[in-house]
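# A structural walkthrough
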Amino acid sequence: MRSIVNEDQPPSNFTVSKANMAEFPALNGQSVSFGILQHPASSVNPPHTHLLAAELLFLIYGVLDVGFIDTTNKLHSEASSRGHFRVLQGTGILPV
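Everything quoted here is computed from the prediction, not taken from an experiment.

Parameters at a glance
Residues numbered from 1 in each chain as written. Predicted model: local features only at pLDDT ≥ 70, side-chain atom pairs only at ≥ 80, totals over all residues. Heavy atoms only, no water. Helix = DSSP H or I, 4+ residues; strand = E, 2+ residues; numbered from the N terminus. Buried < 20%, exposed > 50% of the residue type's maximum accessible area, 1.4 Å probe, protein only. Contact = heavy atoms within 4.5 Å. 1 Å grid on protein atoms, 1.4 Å probe; cavity = no way out; pocket = protein on both sides within 12 Å on 5 of 7 lines; lining within 4 Å. Points joined across faces, edges and corners; volume = space filled by probe spheres on them. Nonpolar A, V, L, I, M, F, W, Y, C, P; charged D, E, K, R; others polar.

### Details of the environment of G35
- Its location among the elements puts G35 in strand 2 (residues 34-38).
- Owing to a relative accessible area of 46%, G35 belongs among the partly exposed residues under this scheme.
- In this structure G35 touches S17 and K18, once residues within four positions along its chain are discounted.

### Points about the layout of surface pockets
- Computed from the structure, the largest pocket encloses a volume of approximately 1,300 Å³.
- Residue lining of the largest pocket: 46 residues in total, with G35, L37, L56, L57 and F58 positioned closest to the centre.
- Those elements that provide at least two residues to the lining of the largest pocket are strand 1 (15-19), strand 2, strand 4 (55-58), strand 5 (63-69) and strand 7 (85-88).
- The dominant element in the lining of the largest pocket, judged by the number of residues it contributes, is strand 2, at 5 residues.
- Its residues placed into classes, the lining of the largest pocket shows 27 nonpolar, 15 polar and 4 charged.

This is the structure we're talking about:
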């Protein structure tokens, strides 16, 4: 994680790093998994759902439009910038 935070420019390719119970046994029984998605500038994370999980976002550089659609079909969105944390509850669709 330190190598990612210490980078001073966004990646040129989309990359995913993950840690689940197989890679990080301390997660056993925590109902938690960990993933790092590194997006190149101007890329899009497609809309997706998390039926039983929340998502925590931490932005290292750039600006990211983050949002979700609630059960009344209303879009809630906000721009996040470097250093911001966002928690998105499960069961929403995330047009990120």
